[in-house]
Amino acid sequence: MTKETKEKSRPPRLYVNGAILGYQRGLRTQNNSTSLIKIKGVDSKDETQFYVGKRIAYITKGSSADRNGSKFRVNWGKVCRAHGGNGVVRCRFHRNLPPQSIGGKVRVMLYPS
């Protein structure tokens, strides 16, 4: 590696993107405490086993800064188990996700491993 490419290299990305599909639900009921997340690049039930127990971050931006000076808010969750055979996982968050988050993005952290 030359000196120029060494300076331009970025640190490794420690997360994978995911999309919020909605809540776990039946025909007439929905369970707001369990969210369904589709992880990018995961298309089978076997591939979801790697992500069980991993942390998930739902990041929003608030209007006012907190005591540390950051306007970003993070709701942390954890992958519980697979949901079906298509690479969707069930997740539980510290605070339930709001309805306007459906269709939004989350970060699936690659730790703890």
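Remember, it's a predicted structure, so these values are computed and weren't measured experimentally. All residue numbers refer to position in the chain's written sequence, counted from 1. The predicted nature of this model means local features are confined to residues of pLDDT at least 70 and side-chain atom pairs, given and counted, to a pLDDT of 80 or more, with totals for whole chains, interfaces and linings taken over all residues. The basis for every side-chain value is the complete set of non-hydrogen atoms in the structure, without hydrogens or water.

Asker: Describe the pairing of strand β5 (residues 88-93), with residues and values.
Answerer: For the exposure calls, accessible area comes from a 1.4 Å probe over protein chains only, and a residue counts as buried if that area is under 20% of its type's maximum, exposed if over 50%, partly exposed in between. By definition, any uninterrupted DSSP run of H or I lasting at least four residues is a helix, any uninterrupted run of E lasting at least two residues is a strand, and each is numbered from the N terminus. In terms of residue burial, β5 counts as a mostly covered element, since 5 of its 6 residues are buried. If DSSP finds at least two bridges between two strands, the strands pair. Here strand β2 (residues 30-39) pairs with β5 via 4 bridges, running antiparallel. In the sheet register, I37 faces β5, and the bridge partner there is V89. Where strand β4 (residues 72-83) meets β5, 6 bridges bridge the pair, whose relative direction is antiparallel.

Asker: Which residues make up the sheet that holds β5, and what values go with them?
Answerer: An order of β1-β2-β5-β4-β3-β6 is seen for the 6 strands of this closed barrel, with the pairing classed as antiparallel. For this sheet, the mean angle separating the axes of adjacent strands, direction not counted, is 45°. Note that strand β1 (residues 15-25) and β2 share 7 bridges and pair antiparallel. Opposite Y23, over in β2, you have S35 as the bridge partner. To obtain each axis, a line is fitted to C-alpha atoms, and for helices this fit is confined to the stretch in contact; angles are then taken between N-to-C directions over 0 to 180 degrees.

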